[in-house]
Amino acid sequence: MNNWLNKLERKFGRFAVPNLIVWLIGAYCIGFAVYTVSPSLLSMLTLSPYHILHGQIWRLFTWILMPTDTNIIFLLIMAMFYYQLGTTLERSWGTFRFNVYIFGGMLFTVIGAFILYAIYAFGYHGMGSAILSTLSLQISFGFSTNYINMSIFLAFALMFPDMQVLLWFIIPVKMKWMAIVYVIITAYEAVVAGWAGRIAIVMSLLNFIIFFLSTRNYRRVSPKEIHRRQVYRAQTREPRRETITKHKCAICGRTELDDPTLEFRFCSKCNGNYEYCSDHLFTHTHVK
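Quick look at the structure, then. (Residues numbered from 1 in each chain as written. Predicted model: local features only at pLDDT ≥ 70, side-chain atom pairs only at ≥ 80, totals over all residues. Heavy atoms only, no water.)

1. Some thoughts on the environment of M175
In step 1: Counting through the fold element by element, M175 comes out in helix α10 (residues 175-192).
In step 2: Among the residues examined, M175 registers a relative accessible area of 0% and is labelled buried.
In step 3: Between the C-alpha atom of M175 and that of F156, which follows or precedes it by 19 residues, the distance is 8.1 Å.
In step 4: Every residue in contact with M175, bar those within four places of it in the chain, is listed here: L85, F153, F156, A157, F160, P161, M163 and V165. (Helix = DSSP H or I, 4+ residues; strand = E, 2+ residues; numbered from the N terminus. Buried < 20%, exposed > 50% of the residue type's maximum accessible area, 1.4 Å probe, protein only. Contact = heavy atoms within 4.5 Å.)

And the structure:
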């Protein structure tokens, strides 16, 4: 994965958009302004496959303008929070890789919407265009920018799991615990939402899934590595016993453990404490 990204960066790195998170937050703010002026106009910007196939091509891009919240206070809090996350990720990964991550998430979201629309269109084959249009609009609300933001959050939590943030500006909590809560909530939504919701969630977060899998070290779960660790643990569990002997021949090095029948004596004519076995006691050269 890294080699592939390196090749792409060498070829297309100059086209990367710096400070992409600023542009993304700016799009949310534009969408909020549109919602404030004319809420009905915002429905013309959603990711509706039926309307895209019938000429409204702008929906392929304008769904990014959908604000994550219609309350300006929460929108500003979200903007400040994700600005910090996005800029940190871009500095850590580089502009090109951050672009690939964000645009990849957007591309998978669009593909997921069309896959779900194709399933519905096949199931409702022969029904009127009004029904397909309604179904397409329902699909568009499932594929929103919320999951794009979540993918940014999860990637940041994976990169900096022990970083603390102030929840509601009061409670200090580590990113990894917040990420676990988000994952549990998302998994619950996938269970209760049915196949339509599952496709929306998986496709919208596919960029994070690919990123998560590509950062894992699979060598540690390979059969060869598992066998090596098992052998190592078995060896370290074996007690290490140091053998201490009372006697040792200065010539042959044998001890009473080598041959219990051996007898050992010190030589009174050697200059020092030299001990010999019975085979070398009378045949050795005296040390002077």
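The rest of the description comes next.
2. Focus: the packing of aromatic side chains
In step 1: Enumeration over the complete set of coordinates arrives at six aromatic pairs.
In step 2: For the ring pair F81 and Y82, a centre distance of 5.3 Å and an interplane angle of 80 degrees mean the geometry is edge-to-face.
In step 3: Classification of F81 by relative accessible area gives partly exposed; the value is 23%.
In step 4: Between the aromatic rings of W93 and F98, the centroid separation amounts to 6.4 Å while the plane-to-plane angle is 50 degrees, which identifies the pairing as tilted.
In step 5: Note on F98: relative accessible area 1%, which makes it buried. (Phe/Tyr/Trp six-rings, centres within 6.5 Å; stacked < 30°, edge-to-face > 60°.)

3. Regarding the nonpolar core
Most often, soluble globular proteins have nonpolar side chains that are buried together.
In step 1: Of all hydrophobic cores here, the largest spans 53 residues; its most connected members are L24, I152 and F153.
In step 2: At the level of elements, α2 (20-37), α6 (72-93), α7 (95-123), α9 (146-159), α10, α11 (194-204) and α12 (206-214) are the ones that each hand at least two residues to this core.
In step 3: Looking at which element gives the most residues to this core, the answer is α9, with nine residues.
In step 4: When neighbours within four sequence positions are excluded, I152 is seen to be in contact with I21, L24, Y82, L85, G86, L89, Y101 and I102. (Core = buried A, V, L, I, M, F, W, Y, C linked by side-chain atoms within 4.5 Å.)

4. A few points about the environment of D69
In step 1: In this structure, D69 sits in the loop between α5 (59-62) and α6.
In step 2: Judged by its relative accessible area of 28%, D69 falls in the partly exposed class.
In step 3: Between the C-alpha atom of D69 and that of F32, which follows or precedes it by 37 residues, the distance is 7.9 Å.
In step 4: Other than its neighbours up to four places away in sequence, D69 contacts F32, F74 and L75.

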